[in-house]
Amino acid sequence: MDENLETLGTVQLRQTVVGPLATNVYLLTDPTTGRQVLIDPADEPEVVLALVASGSATLDTVVVTHRHRDHLEALAQVVAATGAQVVAGADDAEAITAATGVAVDRALHHGDQLAIGSVTADVLALRGHTPGLVAVAVPEEPGDATARTHLFVGDALFPGGLGRTTTSEQFNQLYDDLVERVFDVYPDETTVRPGHGLPTTVGAERPSLRWWGQRRW
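So, a few notes on the structure that sits alongside this text.

The rules we used
- Residues numbered from 1 in each chain as written.
- Predicted model: local features only at pLDDT ≥ 70, side-chain atom pairs only at ≥ 80, totals over all residues.
- Heavy atoms only, no water.
- Buried < 20%, exposed > 50% of the residue type's maximum accessible area, 1.4 Å probe, protein only.
- Helix = DSSP H or I, 4+ residues; strand = E, 2+ residues; numbered from the N terminus.
- Arc of directions from axis to C-beta.
- Contact = heavy atoms within 4.5 Å.
- Core = buried A, V, L, I, M, F, W, Y, C linked by side-chain atoms within 4.5 Å.
- Pairing = 2+ DSSP bridges.
- Axes fitted to C-alpha atoms, helices over the stretch in contact; angles between N-to-C directions.

**With respect to helix H2 (residues 75–82)**
Within H2 the residues assigned to the buried category are Leu 75, Val 78 and Val 79. For H2, the angular spread of the buried residues around the axis is 95°, confining them to a single face. In H2, the exposed positions angled more than 90 degrees off the buried face are occupied by Ala 80 and Ala 81. Buried residues along H2 sit against strand S4 (35–39), helix H1 (45–54), strand S5 (58–64), strand S6 (85–89) and helix H3 (90–100). Backbone geometry just downstream of H2 places Gly 83 in the positive-phi region, at approximately 75°.

**Topic: the nonpolar core**
Across soluble globular proteins, nonpolar side chains show a tendency to be buried alongside one another. Counting 23 residues, the largest nonpolar core has Leu 38, Leu 59 and Leu 75 as the members making the most contacts within it. Taken together, the elements giving at least two residues each to this core come down to strand S3 (23–30), H1, S5, H2, S6 and H3. Membership of the second largest hydrophobic core comes to 22 residues, among which are Leu 124, Leu 126, Val 153 and Trp 212.

**Things to note about the sheet that holds S5**
Reading across from one edge, S1-S2-S3-S4-S5-S6-S7 is the order of the seven strands in this open sheet, with mixed pairing throughout. What marks the edges here is a single partner per strand, and that holds for strand S1 (5–8) and strand S7 (106–108). Put simply, the sheet's adjacent strands are angled 25° from each other on average, direction ignored. Across the face of the sheet, H1 comes into contact with strand S2 (11–18), S3, S4 and S5 while running at roughly 165° to S2. Each of S4, S5 and S6 is contacted by H2, which is oriented at about 160° to S5, the strand it contacts most.

By themselves, these observations are geometric and do not establish any function.
Printed below as a string of structure tokens:
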């Protein structure tokens, strides 16, 4: 039995934590097609590649949620070992390539879609922590608008608050994007899986929105 396996409807989720900042690395596998997507090859490439191998499927795509180094230190090694395509937010793509030497094959924008085998995930741009941060929204049941969704949000949202911003403009951008693209769209049972730490839900965080706006973080 795989103790690291969680079933999200059609998709299987495996996760590990790597690096000095304890960054979450997520592997999404569609067992019906044998295809999978890795989110944030953060560090410790041997650990990340072991996670990929545990899915017993072909790695199609590596998603880098944003440009910060603690989310991409193992990118070059993972791509060299698997040949997977790299996707990232359009406004972070150049910085990711400069930091890793790995070209971004596809620049993502808000409203784009990403295939995880037979499952189609939505791309959300949640700008502010970095200019090009993207989240991935994975539905449990493809085509069912009432099915639970799992949001892989990088460092845009955590239990108890927004991701770090350094200017008022960045805070306003991230806050507005989260309200308009997450809290106004997804129901309370939606799972939020951040780049560090434990998951939460939209419903658990929704009551704090006004307080976050007042405290400015």
